[in-house]
Amino acid sequence: MIRFENVGLRYGTEAEVLRDISFTLLPGSFHFLTGASGAGKSSLLKLMYLAHRPSRGLVTLFGRDMAVVTRRELPELRRQIGVVFQDFALLDHLSALDNVALPLRMAGTPEADVVAHCTEILRWVGLGNHLHAKPSTLSGGQKQRVAIARSVINRPRLLLADEPTGNVDDGIGMRLLYLFEELYKLGTTVVIATHNEALIRRFDHPRLHLDNGRLMVLPARGSRVHDGRASEGRAGDTRPQESRRE
Ligand SMILES: Nc1ncnc2c1ncn2[C@@H]1O[C@H](COP(=O)(O)OP(=O)(O)OP(=O)(O)O)[C@@H](O)[C@H]1O
């Protein structure tokens, strides 16, 4: 699904914020992405979304080498990815429902289905009373939930979410994680950047952990029980590693 080989990323002439990143995410896997503030989580997600090109190394997505993908091919690739970035990127002139409906309408879904699905998902994220509200009238946490609803509405092949529970209370945070979990069970590959240790403990998926620009892959706690050899990765461990859905 995604393969990084010795990837580095720098902004301008600054030192690399990501260094020698190598890993493979298999289709249908679920990973949390963790690391201190400024560790590079958003940058890594943007590389996966093809919003940034790496300064060096190889990124392969859906079996395609990103170095040779043209600008014209990007929209089609991105249509297969659901994203929740920290700025939400909602369209201000559209209602919550119409924002969520965008991916379905672009895919030509019949209008009656669009309205039914979008209403259902907005109710699930607790916004049943705000279907027709414009983003400017919503709180930060409500906008975030609209963005999340939009990211999952068309069951993307890959879901990337940056701090999706950052602005919501614990109860809503748990509901949102269940939404991602449902998608994962349907076969979507999921990567969630979060600082929320309670959610990480509750859902027990492997972690991609960033430390000082380098990545290590930590197995789910469950797999550590089954596999006594599965050890904490070391900071700076750059060997390609794979995580597989049980
Ligand atoms: N567009 C940019 N231009 C220059 N530097 C950037 C840019 N985006 C991020 N950085 C720098 O890259 C480093 C990693 O930032 P990034 O946002 O990826 O971290 P993060 O782990 O997502 O942090 P947080 O948890 O606070 O959101 C930081 O030092 C940041 O200042």
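Cut-offs and rules
Along every chain, residues carry numbers that run from 1 in the direction the sequence is written. Local features in this predicted model are restricted to residues of pLDDT 70 or higher, and side-chain atom pairs are both shown and tallied only at a pLDDT of 80 or more, whereas totals for entire chains, interfaces and linings draw on every residue. Calculated side-chain values reflect all of the structure's heavy atoms, with hydrogen atoms and water omitted. UniProt positions are given in the numbering used here, feature names are shortened, and annotations may be inferred rather than shown by experiment. By definition, any uninterrupted DSSP run of H or I lasting at least four residues is a helix, any uninterrupted run of E lasting at least two residues is a strand, and each is numbered from the N terminus. Using a 1.4 Å probe on the protein chains alone, a residue whose accessible area is under 20% of its type maximum counts as buried, one over 50% counts as exposed, and one in between counts as partly exposed. Throughout, a contact is declared for two residues whenever any of their heavy atoms are within 4.5 Å. The aromatic pairing rule takes the rings of Phe, Tyr and Trp, using the six-membered ring of Trp, and pairs them if the centres are within 6.5 Å, calling planes under 30 degrees apart stacked, those over 60 edge-to-face and the rest tilted. Charges are assigned to positions over rings by a cutoff of 6 Å between ring centre and Lys NZ or Arg CZ, combined with an angular limit of 35 degrees from the ring normal.

If you check an unreviewed UniProt entry, the protein appears there as Cell division ATP-binding protein FtsE from Azospirillum ramasamyi. Recorded in UniProt for the protein, the comment headed Function (unreviewed entry) runs: "Part of the ABC transporter FtsEX involved in cellular division. Important for assembly or stability of the septal ring." The UniProt entry for the protein carries the following text under Subunit (unreviewed entry): "Homodimer. Forms a membrane-associated complex with FtsX."

Q: I'd like a description of the environment of P27, backed by residues and values.
A: Take P27: it is sitting in the loop between β2 (18–25) and β3 (30–34). Assessed through its relative accessible area of 56%, P27 is described here as exposed. As for P27 and F4, which are separated by 23 residues in sequence, their C-alpha atoms are 14 Å apart. Once residues within four sequence positions are removed from consideration, P27 is found in contact with M1 and T189.

Q: How would you summarise the packing of aromatic side chains if you had to cite specific residues and measurements?
A: Each pair of aromatic rings is reported with the distance of its centres and the angle of its planes. Applying the stated criterion across every chain, the model contains five aromatic pairs. Between Y49 and F85 the ring centres are 5.7 Å apart and the planes differ by 75 degrees, which places this aromatic pair in the edge-to-face class. You can see Y49 sitting in the loop between α1 (41–48) and β4 (56–61) and its partner F85 sitting in the loop between β6 (81–84) and α3 (96–106), a full 36 residues away along the chain. Each of the two residues, Y49 as well as F85, counts as buried. Where Y178 meets F203, the ring centres are 5.2 Å apart and the plane angle is 75 degrees; that geometry is what we call edge-to-face. Remark: F203 occurs in helix α7 (residues 197–203) and Y178 occurs in helix α6 (residues 170–185); sequence separation between them is 25 residues. For Y178, a relative accessible area of 36% translates into the label partly exposed. Linked through ring pairs, F30, F32 and Y184 together constitute an aromatic cluster. In this structure, R78 is placed above the aromatic ring of Y49, and the distance from its NZ or CZ to the ring centre is 5.0 Å. The ring of F62 has R157 lying over it, and the distance from NZ or CZ to the ring centre is 4.2 Å.

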